[in-house]
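As a plain string of letters, each chain reads:
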Amino acid sequence: MRVKPILAAILSVFICRVTHGQTVPKPYEPTWQSLEKHTGVPEWIRDAKFGIYCHWGVYAVPAYNNEHYIQHMHNEADYAKLGTHKRHVAIYGPLTKFGYHDFIPMFKGERFNADEWAELFQKGGARFAGPVAEHHDGFSMWASKLTPFNAKEMGPHRDVVGELAVAIRKRNMKFFTSLHHELNYTNVKLKPGWAGADPKYAKLYGSPMKKEEWDKMWMDKCNELVDNYHPDIIYHDAWLEQVPVKNIQTYLAHYFNEAAARKQDVIVTYKGEDIPKGIGMEDHENTNPDRIIETPWLCDYSIGTGFSFSWGYTDGMEIRTAEDIVRKIVEVVSKNGQLLLNLSPKADGTFPEDQKQVVYKIGRWMWSFGESVYDTRPFSVYGEKTADGKQIYYTRKGKTVYAIAMEWPGAGKSLSLKEITPASLGGRLKAVNVLGLKNLEPCTTRLTDTGLTITIPPKTRTPSDIAAYVFRIETE
């Protein structure tokens, strides 16, 4: 039967509306089986390799112990590392008078400048960057409609996540953000009479809420972050087992469906067995595997170190050196990982000068020698130790292999690499150069089935003030 022209037109409009409207089936359903269809680790992050994020929140006001201050201040035990509770009472008063919420008005962020942050990240060589959106303390760093305890309505009165999303993307970096709020519900158990036990603070401390209400708020915050800022990566801390599986699945399906509609390759990170493998990218906190892992992974690494180790800013905090961080980047990348460096801003929104100087030095190395890191893939082995004890790491890009030595052999000296052979190179050796010199001068080489010997040209100065020296090994 032939359809009359006017009826055909009506049907065409109806079909178009169904096809392009709300009724179109979405590619992901809230089941693990469906979510496993998502590409857990897209190629862009394997090319990016290095990112920077920041633990910045209310905990930067007391600036003591670490970013878990909300928990430590309520720990009344006679013994506790760094004595946070006793110190808190002595300085701020008893918990009946002064709660964690009383720090919020002091968290002014009066010198926070998203463009200055993004510029620092870029100068440091990062290709993805962003903030902690919410830590365990229940304070959202974005303009949330789900809780009054957010940085737009309180504290800085700024949409920190939103401003950084704009500033970071403006510099052609991918936008990262992290969520740690799964621990919020069990983080602090408030006693009757404590200032924080007032019901008006329930959404901050979490535990006074009914569990089902808190569970929904956890999921809704994730979805709000997705809808408002469309992060390229959302990092999740541990403890996802405290959230109902269905809520996690519903949120992930929403995130992936929204990204698919925007043609955006997004990543969710996880730790341990929090979600099934293949859906996202596994994170190794402050550590890394001892071998090449076939599935690409992430290492988040804090600039903070020492006895009073902290991810958030604390007064007198010790920090890692640029050399330590660069060497960790090289090691992680050689084993098929990507490194995410954490910085610790002060309560006013500025970075301490010592942290900035470390970032500048990292950037100087990355902008100079980054070809051995960015866009690379693992070599057949991650590295080796030479006969005289020098640690070497390897990466590969097309027909070029990079050997990165953690010790300078010395002008006129030789470096013997047993893992570099005609078979492992897969092509005829074309040239070997030390990167970072004023002019590229080919090194003298000898390649056999037992390895490659590289002789450094005489009168060659050390090419970097960071002990990670790059040899470019080209084949044809």
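Everything quoted here is computed from the prediction, not taken from an experiment. (Residues numbered from 1 in each chain as written. Predicted model: local features only at pLDDT ≥ 70, side-chain atom pairs only at ≥ 80, totals over all residues. Heavy atoms only, no water.)

Undergrad: Help me understand the layout of surface pockets, please; the structure alone is not making it clear to me.
TA: Remark: the empty space left among the atoms is shown by a probe the size of a water molecule rolled over them. What the largest pocket holds in volume is close to 250 Å³. Forming the boundary of the largest pocket are 14 residues, of which Glu116, Thr350, Phe351, Lys356 and Tyr360 lie nearest the centre. (1 Å grid on protein atoms, 1.4 Å probe; cavity = no way out; pocket = protein on both sides within 12 Å on 5 of 7 lines; lining within 4 Å. Points joined across faces, edges and corners; volume = space filled by probe spheres on them.)

Undergrad: Hey, could you run me through the pattern of salt bridges in this one?
TA: The full count for this structure, using the stated rule, is 28 salt bridges. Between arginine 46 and glutamate 43 there is a salt bridge, with its nearest N and O atoms 3.8 Å apart. You can see arginine 46 and its partner glutamate 43 sitting in helix H3 (residues 43-48), three residues apart, about one turn around the helix. With relative accessibility at 14%, the residue arginine 46 sits in the buried group. A residue is classified by how much of its surface remains accessible, and glutamate 43, at 44% relative accessible area, is partly exposed. The shortest N-O distance in the salt bridge between arginine 364 and aspartate 465 comes to 2.8 Å. Of the two residues, arginine 364 is situated in helix H13 (residues 353-369) and aspartate 465 in the loop between strand E17 (451-455) and strand E18 (469-475); the sequence distance between them amounts to 101 residues. (Salt bridge = Lys/Arg side-chain N within 4 Å of Asp/Glu carboxyl O. Helix = DSSP H or I, 4+ residues; strand = E, 2+ residues; numbered from the N terminus. Buried < 20%, exposed > 50% of the residue type's maximum accessible area, 1.4 Å probe, protein only.)

Undergrad: Help me understand helix H12 (residues 322-334) in this model?
TA: An α-helical turn contains 3.6 residues, so any two residues separated by three or four positions project in the same direction. The terminal C-alpha atoms of H12 lie 18 Å apart, and with 13 residues this matches the ideal 18 Å at 1.5 Å per residue to within 8%. Here H12 lies mainly inside the structure; ten of its 13 residues are buried. Looking at H12, one finds that the buried residues are Ala322, Ile325, Val326, Lys328, Ile329, Val330, Glu331, Val332, Val333 and Ser334. Its buried side turned inward, H12 meets strand E1 (50-54), strand E7 (297-302), strand E10 (337-343), H13, strand E12 (391-397) and strand E13 (400-405). (Expected span 1.5 Å × (residues − 1). Contact = heavy atoms within 4.5 Å.)

Undergrad: Sorry, what's going on with the sheet that holds strand E15 (residues 429-434) here?
TA: Sheet strands line up and pair through hydrogen bonds in the backbone, either parallel or antiparallel. Taken in spatial order, the five strands make up an open sheet running E11-E12-E13-E18-E15, and their pairing is antiparallel. Here the strands that pair on one side only, and so sit at the sheet edges, are strand E11 (383-385) and E15. Neighbour-to-neighbour, the strand axes of the sheet open up by a mean angle of 20 degrees, direction not taken into account. As defined by bridge partners, E15 adjoins E18 across five bridges and the pair is classed as antiparallel. If you follow leucine 429 over to E18, its bridge partner there is threonine 475. Here H12 sits on the sheet and contacts E12 and E13; the angle it forms with E12, its principal contact strand, is near 55 degrees. (Pairing = 2+ DSSP bridges. Axes fitted to C-alpha atoms, helices over the stretch in contact; angles between N-to-C directions.)

Undergrad: What am I meant to see in the nonpolar core here?
TA: The nonpolar side chains of a soluble globular protein tend to be buried, and buried together. One finds Tyr100, Phe121, Tyr251, Leu343, Ile362 and Trp365 to be the most contacted residues of the largest nonpolar core, which totals 125 residues. The biggest single contributor to this core is helix H10 (residues 211-229), with eight residues. Filtering out sequence-adjacent residues up to four positions away, tryptophan 365 remains in contact with Val326, Val330, Gly370, Ser372, Val373, Ser464, Ile466, Ala468 and Val470. The next biggest cluster of nonpolar side chains, apart from the first, holds 23 residues, and it includes Phe379, Ala403, Trp408 and Tyr469. (Core = buried A, V, L, I, M, F, W, Y, C linked by side-chain atoms within 4.5 Å.)

Undergrad: It is not clear to me how the sheet that holds strand E14 (residues 414-417) should be interpreted in this structure. Could you clarify?
TA: With respect to topology, three strands assemble into an open sheet ordered E14-E17-E16, the strand pairing being antiparallel. Whereas interior strands pair on both sides, the edge strands pair on one side only; in this sheet they are E14 and strand E16 (444-448). Strand-to-strand, the axes of this sheet are offset by a mean angle of 10 degrees, without reference to chain direction. Taken together, the five bridges between E16 and E17 define a ladder with antiparallel strand orientation. Within E17, the residue paired with threonine 448 across the bridge is glycine 451.

Undergrad: Mind showing me how you'd approach the packing of helix H6 (residues 114-123) against H13 here?
TA: Contact geometry for H6 and H13: axes closest at 7 Å, N-to-C directions at 45 degrees. Comparing their axes, H13 and H6 come out oblique. Contact residues: Leu120, Gln122 and Lys123 in H6; Lys356, Val359, Tyr360, Gly363 and Trp367 in H13. Its residues assigned to classes, the contact of H6 with H13 shows four nonpolar, two polar and two charged. (Parallel < 35°, antiparallel > 145°, perpendicular 65-115°, else oblique. Nonpolar A, V, L, I, M, F, W, Y, C, P; charged D, E, K, R; others polar.)

Undergrad: Sorry, what's going on with H10 here?
TA: Here H10 spans 27 Å end to end across 19 residues, near enough to the 27 Å set by a 1.5 Å rise per residue. Phi turns positive, to about 50 degrees, at histidine 230, one or two residues after H10.

Undergrad: Got a minute to help me understand the confidence of the model for the protein chain in this structure?
TA: Caution applies to low-pLDDT parts of the model: their predicted coordinates are not meant to be read in detail. When pLDDT is averaged along the protein chain, the result is 95; 95% of the residues meet or exceed 70. Note that pLDDT drops below 50 for residues 1-21; the model gives that stretch five contacts with residues more than four away or on any other chain. (pLDDT = per-residue confidence, 0-100.)

Undergrad: I keep staring at the side chain of histidine 55 and nothing clicks. Help me out?
TA: Assignment of secondary structure puts histidine 55 in the loop between E1 and helix H4 (69-72). Looking at histidine 55, its side chain comes within polar contact range of the side chain of asparagine 342, at 2.7 Å. (Polar contact = N/O pair within 3.5 Å; in protein donor to acceptor, adjacent residues only side chain to side chain.)

Undergrad: Honestly, the side chain of asparagine 66 in this entry has me stumped. Any pointers?
TA: Relative to the helices and strands, asparagine 66 resides in the loop between E1 and H4. You can call asparagine 66 buried: its relative accessible area is 13%. A polar side-chain atom of asparagine 66 sits 2.8 Å from the main-chain amide nitrogen of histidine 68. Dropping the residues within four chain positions of it, asparagine 66 is found in contact with His72, Phe309, Ser310 and Thr314.

Undergrad: I keep staring at the packing of H10 against helix H11 (residues 245-261) and nothing clicks. Help me out?
TA: Relative orientation and spacing of two packed helices are given, respectively, by the angle between their axes and the distance between those axes. The geometry of H10 relative to H11 is characterised by a closest axis approach of 10 Å and an angle of 10 degrees between their N-to-C directions. Here H10 is positioned roughly parallel relative to H11, judged by the angle of their axes. Across the interface between the two elements, Asp215, Lys216, Trp218, Met219, Cys222, Asn223, Val226 and Asp227 of H10 pack against Asn247, Ile248, Thr250, Tyr251, His254, Tyr255 and Glu258 of H11. Considered class by class, the residues forming the contact of H10 with H11 number seven nonpolar, four polar and four charged.

Undergrad: I would appreciate a short explanation of unusual backbone geometry in the present structure.
TA: In most cases, non-glycine residues show a negative phi, while peptide bonds are predominantly trans. Its identity is not glycine, yet leucine 82 carries a phi of approximately 70 degrees, on the positive side. Within the secondary structure, leucine 82 is located in the loop between H4 and helix H5 (84-92). Positive phi, close to 60 degrees, is recorded for lysine 459, a residue that is not glycine. Secondary-structure assignment places lysine 459 in the loop between E17 and E18.

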